[in-house]
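# Overview (structure and organization)
One letter stands for each residue in the lines below.
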Amino acid sequence: MKARIRTSVRALATTALTATLATALAACGSSGSLPAPSASGSRTAGAPTFQQVLDGAPVAPDSAIPAGSLMAKIKARGTLNVGGTDSSALFSLKDPVSGKLTGFDAGLAQLLAKYITGKPSVNLVLVTADTRETLLQNGTVDSVLATYTITPARAQKVAFAGPYYSSGDAILVAKGNSSITKVADLAGKTVCTESSSTAANDLKQYAPSAHVILFQTNAECEQAVEQGRADAYVLDQALLLGDQVRDPKVKVVGQPFTTEPYGIGLPLSSPEMKTFVNDWLKTLQADGEWTKLWQSTIGTVLSGDAPTPPAIGSAQGS
């Protein structure tokens, strides 16, 4: 995950999703990156709804939750404490009317809660790139599920289950900007990204002559591009698409130029939880629940088959 808290979010409409995603992505291979945008912006015929995915999700047998484990504590509590966001389009977005969270990450959190407790009960704690490790270390949250990129450095502070999805750094510019279409075009430009994000380091490698400015939140970076204070904004493609969905003044250009494996952050002090969550992810992949969740979230606006999820344990630090 990069610095991931989204602010001042408007409700998504299917028509807006269709229009803004129309040229954002290329076809997907087996890497787990996003496939091409749908022409209709609607759910594939026969695909499950988000609620149907939750209703059909499995519950762990008692034998998988030994006494004294973190899973047993969560089960006794009856709720999974999750660090995340409520304003990330396609991944974790709060409905302003119902108050419910939907999206790929939000769905995984609810599926994990159901697997442990028998019901999809989640207590969401909003996190930033600067607080997520601390909240895991001090026990405020049991997990962090927020497009959290796995890195070896981060794995020194927290444990990572997964990866469960793969994205990559991409570029967001003002709608009328035609001078930037690929990472090479960032040379000499003013580029913003979120502090404590992996994109900040990636820019040193892929755009060493760019003038990089750092902000704490997505909203600040997006506004800098809108107002012309930055020529471009670099972050995960999956997250920049959410900005494009919400804001007709910006657009995502080019293709991802890095690979960003997303993991579920867990406390280092509870290694049994990492094993448990990895086994659960494998179960979701094997029985088709992962695909159904993709279809009910990201797949509502993107065409083609669901991508192949990355192999569990395949990322450095996982």
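So, how was this worked out
- Residues numbered from 1 in each chain as written.
- Predicted model: local features only at pLDDT ≥ 70, side-chain atom pairs only at ≥ 80, totals over all residues.
- Heavy atoms only, no water.
- Helix = DSSP H or I, 4+ residues; strand = E, 2+ residues; numbered from the N terminus.
- Pairing = 2+ DSSP bridges.
- Buried < 20%, exposed > 50% of the residue type's maximum accessible area, 1.4 Å probe, protein only.
- Lys, Arg positive; Asp, Glu negative; His and termini not counted.
- Salt bridge = Lys/Arg side-chain N within 4 Å of Asp/Glu carboxyl O.
- Axes fitted to C-alpha atoms, helices over the stretch in contact; angles between N-to-C directions.
- Arc of directions from axis to C-beta.
- Contact = heavy atoms within 4.5 Å.

Backbone torsion omega between Gly-162 and Pro-163 reads 5 degrees, so that peptide bond is classified as cis. Considering the arrangement of structural elements, one finds Pro-163 in strand 7 (residues 159-167). One non-glycine residue, Thr-147, lies in positive phi territory at about 40 degrees. Position of Thr-147 among the secondary structure elements: in strand 6 (residues 143-149).

Turning to the environment of Ala-311, a few remarks are in order. Among the structural elements, Ala-311 can be located in the segment after helix 10 (289-296). Here the alpha-carbon distance between Ala-311 and Lys-282, two residues 29 residues apart in the chain, equals 8.8 Å.

The three strands are arranged 2-3-4 in an open sheet whose pairing can be described as antiparallel. Either end of the sheet is taken by a strand with one partner, and the two such strands are strand 2 (87-88) and strand 4 (101-102). Bridge count between strand 3 (residues 92-94) and strand 4: two bridges; the pairing is antiparallel. Across the sheet, Lys-94 pairs through a bridge with Leu-101, a residue of strand 4.

Another aspect to go through is the side chain of Arg-154. Checked against the element boundaries, Arg-154 lands in the loop between strand 6 and strand 7. Glu-133 provides the closest opposite charge to the buried, salt-bridge-free Arg-154, at an N-O distance of 4.6 Å.

So, about the sheet that holds strand 1 (residues 80-84). Spatially, 5-1-6-13-7 is the arrangement adopted by the five strands of the open sheet, whose pairing is mixed. Each having just a single partner strand, strand 5 (122-126) and strand 7 make up the two edges of the open sheet. Averaged over all adjacent pairs, the angle separating strand axes in this sheet is 25 degrees, with direction ignored. Taken together, the two bridges between strand 1 and strand 6 define a ladder with parallel strand orientation. Across the sheet, Val-82 pairs through a bridge with Ser-143, a residue of strand 6.

Right, let's get into helix 3 (residues 70-77). Within the sequence span of helix 3, burial applies to Leu-70, Met-71 and Ile-74. End-on, the buried residues of helix 3 take up no more than an arc of 100 degrees, which puts them together on one face. In helix 3, the exposed residues that point more than 90 degrees away from the buried face are Lys-73 and Ala-76. Structurally, helix 3 contributes buried residues whose contacts are with strand 1, helix 4 (104-117) and helix 9 (271-287). Positive phi appears at Gly-78, one or two residues downstream of helix 3, with a value of about 85 degrees.

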